[in-house]
Amino acid sequence: MLRFSNLSYKTQRKLIIIAFSIIPVALLITFSYLPVLNMFGYSLTDWNGISKQKDFVGLENYKVFFTNPKYYSVFKVSLYYFVASFVQLGLALYFATLLSFNVKFKNFFKGVLFFPYLINGVAIGFIFLLFFRPDGTLDTLLRWLGLGDYIQLWLGNPDIINISLSGTSIWRYMGFNFIIFLGAISSIPRDLYEAAELDGANRWQQFTHIILPSIKQIIQLNLILSVSGSISVFEIPYIMTGGSNGSNTFVIQTVDLAFKYGKFGLASAMAVILLIIVVVVTLIQKKLVREEA
Amino acid sequence: MNFKQVILSTLKYLSLLLGVVFALLPLVVVFFSSLKTGEEMANTSPLDPPGNWFNFRNYLRAFLEGNMLTGFLNTAFILAVSIAGATLMGAMIAYVLHRFNFRGKTLLTGAFLLAALIPGVTTQVATFQIINALGLFNTHWAAILLYMGTDIISVYIFLQFLENIPVSLDEAAMLDGASYITIFRKIIFPLLKPAIVTVLIVKGVAIYNDFYTPFLYMPKTELQTISTALFKFKGPYGSQWEVISAGIMIAIIPTLIAFLSLQKYIYNGFTQGSVK
């Protein structure tokens, strides 16, 4: 009987390379590269996603996106999330630094701060609908604190809605950055702090001279990821507001254009733009990280 | 301790407590609401605790009327199959890419790593057509294949861990006449255990919480997952926040239990899984 182990290593090697890679490679091509390729193609047509007919329209879809404020204004919404990501990273860094040193109930604090990141996105959407609704948690809290005059229609006022939503996003994702920073800080050798303490460095000096430089790369990486993150925001606003009241984001618009309005060509053009932004940003980040290393 | 240190220490704990309040308050309110009656919900402040701590009526309603059992079963099935597939295939392709030299290897490795740059959310519009053309729309396999096929992260993680498994182990086994399959099965795969745990956790959390994929590719009611089952509360229960809150709690409780029992691994999983 022919057994695999009786074959020469050379034959085995050939067989195993083919057998082990054929399915992953097929999946990779089908679900990573083919969609990108097709998307470029669709973006040059006026296809509605269903009919057999696709007319080539050149760069028309791109022109439509960039010349119509109705479409390109979604970039403005991204800005809110981009600014929020700084708050998020700041808080994450602050808590990670605190909890890297001696603190009572350390594990409790760690757990509570990280846990929101693990919660289901739809659940988070609902939790914050309840939080922001009139006479909801936030309003009650403000009245308690005697700040009742500041009560707003948190999700009804177009001037505020994106602040409320990006606040929700901070609540959801802060724990993730926090845990990453915590991991990075814990890999700094302990004796560095001891040496610094002997030299009379206080906590702030230890932070700026030991911690910050040691985890600079991770901070940079997170900062740059927040650019692509803030353009690809989808879940929270989609679940909470469906993109109404001026909370429409790039991805919500793309999904709506394609699946609700059958503007597949335009949606694909937007997706291509999004992809290009994300890839460029990621490449910059890779380059920066490599130069540092 | 001198005066300044006392102040600093107080500020430190104060800020931590503030963080805890912000993290927990929205959740506590949902927990309270889930135990309130409709009338209580209308007449009490959100911060008031429920009158009866054992009023589980809303839970029963949410679970039954929201078909959450279906959601759990579908999520569990999709989770199990795609994680098993992703870990096995990830380990296999990483083994090939890391241990063998062959023509096109650099190209292949590059293809996998480059794909990590493409965020799934951007290509959804075109991916949808492919799923549709394969006849997978509205089947479990749409989600399963997408979770397995776009899983570049696990390949990444496995490649990293393989770096730390000495090649001399493979060579020693070859001297004993072990085939490459035996080496993979008996040496590489078991030694990749920490990587597998990492993938299991990072991927498991992502799949359990994913909304986009089931929402777009499996709209059929019988196929709903926890996320889409929960999302359905939006329409008919629009104002019955006590029922929605119970639904939210039902979706969160498994996560909470998993988190409390696996804390250490979860932290490690995230730090190891996401830095690269």
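For the structure itself, look to the data block above.
Quick look at the structure, then. Keep in mind it's a predicted model, so treat the numbers as computed, not measured. (Residues numbered from 1 in each chain as written. Chains lettered and ligands numbered in written order. Predicted model: local features only at pLDDT ≥ 70, side-chain atom pairs only at ≥ 80, totals over all residues. Heavy atoms only, no water.)

### Quick notes on the overall build of chain B
Selection rule: Strands are runs of DSSP state E lasting at least two residues, helices are runs of H or I lasting at least four, and both sets are numbered from the N terminus onward. For every residue, the accessible area obtained with a 1.4 Å probe (protein chains only) is divided by the maximum for its type, and the residue is called buried under 20%, exposed over 50%, and partly exposed between those limits. Residue contacts follow a heavy-atom distance rule, with two residues in contact if any of their heavy atoms lie within 4.5 Å. Here, Shrake-Rupley sampling with a 1.4 Å probe gives the accessible areas, and only protein chains in the shown set may cover a residue. When charges are counted, Lys and Arg contribute as positive and Asp and Glu as negative, whereas His and the chain ends are disregarded. Note on charges: their place is set at NZ of Lys, CZ of Arg, CG of Asp or CD of Glu.
Scanning chain B for helices and strands turns up 14 helices and 0 strands. Counted from the first residue to the last, chain B has its helices and strands arranged as α-α-α-α-α-α-α-α-α-α-α-α-α-α. In terms of principal-axis extent, the alpha carbons of chain B reach across some 75 × 70 × 35 Å. A total of 276 residues make up chain B; the buried ones form 52% of that total. Across chain B, contacts joining residues at least 24 apart in sequence account for 71% of those joining residues at least 6 apart. Split by element, the accessible area of chain B, about 12800 Å² in all, is 68% carbon and sulfur. For chain B, the separation between the mean place of its 17 positive charges and that of its 12 negative charges on side chains is 7 Å.

### Concerning the overall build of chain A
Rules: Note on method: radius of gyration uses C-alpha positions; expected globular size equals 2.2 Å times residues raised to 0.38.
Scanning chain A from N- to C-terminus turns up 14 helices and 0 strands. In terms of C-alpha radius of gyration, chain A reaches 25 Å, well past the compact-globule figure of 19 Å for 293 residues. Judged by the C-alpha coordinates and their principal axes, chain A covers about 70 × 70 × 40 Å. Taking all contacts inside chain A whose residues are at least 6 apart in sequence as the whole, residues at least 24 apart take part in 64%. Element-wise, carbon and sulfur atoms account for 65% of the exposed surface of chain A, whose accessible area totals about 14200 Å². Here chain A holds 23 positive side-chain charges and 15 negative ones, and the gap between their average locations is 12 Å.

### Quick look at the packing of aromatic side chains
Each aromatic ring pair is specified by the distance between its two centres and by the angle formed by the two planes. The condition that has to hold: Between the rings of Phe, Tyr and Trp (Trp by its six-membered ring), a pair exists once the centres lie within 6.5 Å; its type follows the angle of the planes, with under 30 degrees stacked, over 60 edge-to-face, and the other angles tilted.
Summed over all chains, the structure comprises 52 aromatic pairs over all chains. Seen in terms of ring centroids, Phe31(B) and Trp53(B) are 6.3 Å apart; in terms of plane orientation they differ by 35°. Their pairing is tilted. Placement of the pair is Phe31(B) in helix α1 (residues 3-34) and Trp53(B) in the loop between α2 (38-43) and α3 (57-65), with a sequence separation of 22 residues. Exposure remark for Phe31(B): the relative accessible area of 31% places this residue in the partly exposed category. Taken together, a centroid distance of 5.7 Å and an interplanar angle of 80° make the contact between Phe32(B) and Trp53(B) edge-to-face. Highlighted residues: Phe32(B) in helix α1 and Trp53(B) in the loop between α2 and α3, separated in sequence by 21 residues. When its relative accessible area of 41% is taken as the criterion, Trp53(B) is described as partly exposed. The rings of Phe114(A), Phe115(A), Tyr117(A), Tyr173(A), Phe176(A), Phe259(B), Tyr267(B) and Phe270(B) are connected pair by pair, giving a single aromatic cluster.

### Let's talk about the pattern of salt bridges
For the record, the criterion: Counted as salt bridges are all cases of a side-chain nitrogen of Lys or Arg within 4 Å of a carboxyl oxygen of Asp or Glu.
This structure, assessed with the given rule, holds 6 salt bridges over all chains. A salt bridge links Glu197(A) to Arg203(A); the nearest nitrogen and oxygen atoms lie 3.5 Å apart. Arg99(B) is the salt-bridge partner of Asp170(B), the closest N and O atoms lying 2.8 Å from each other. Here the residue Asp170(B) occupies a position in helix α9 (residues 167-175), and Arg99(B) occupies one in helix α4 (residues 68-99), the gap between them amounting to 71 residues. In terms of burial, Asp170(B) and Arg99(B) fall into one category: buried.

### Looking at the nonpolar core
The condition is simple: To form a nonpolar core, buried Ala, Val, Leu, Ile, Met, Phe, Trp, Tyr and Cys residues must be joined to one another through side-chain atoms within 4.5 Å.
Residues Phe114(A) and Phe178(A) are the most contacted members of the largest nonpolar core, which totals 146 residues. Here this core takes 13 residues from helix α14 (residues 241-274) of chain B, the largest share from any one element. Setting aside its immediate chain neighbours within four residues, Phe114(A) contacts Gly175(A), Phe176(A), Phe178(A), Ile179(A), Phe259(B), Ile266(B), Tyr267(B) and Phe270(B). Formed by 35 residues, the second largest nonpolar core is a distinct cluster that contains Ala94(B), Phe100(B), Ile187(B) and Leu192(B).

### Comments concerning the interface of chain A and chain B
What counts, and what does not: In short, buried area is how much 1.4 Å probe accessible area vanishes from two parts on joining, totalled over both. The definition of a polar contact used here is a pair of N or O atoms within 3.5 Å, where within protein one atom must be able to donate a hydrogen and the other to accept one, and adjacent residues in sequence count solely through side-chain atom pairs. Residues are grouped as follows: nonpolar covers Ala, Val, Leu, Ile, Met, Phe, Trp, Tyr, Cys and Pro; charged covers Asp, Glu, Lys and Arg; every other residue, Gly included, is treated as polar.
Taken together, the contact pairs 94 residues of chain A with 91 residues of chain B. Where chain A abuts chain B, roughly 7900 Å² becomes buried across the two surfaces, and 81% of that area is made up of carbon and sulfur atoms. By the criterion of area lost to chain B, the three top residues of chain A are Phe20(A), Phe31(A) and Phe126(A), representing 10% of everything that side buries. Our count for the chain A to chain B interface comes out at 0 salt bridges. Our count for the chain A to chain B interface comes out at 16 residue pairs in polar contact (both at pLDDT 80 or more). A total of 23 residues in the side of chain A that touches chain B trace back to one element, the largest contributor, which is helix α1 (residues 9-43) of chain A. Looking at side-chain class alone, the side of chain A that touches chain B contains 66 nonpolar, 21 polar and 7 charged residues.

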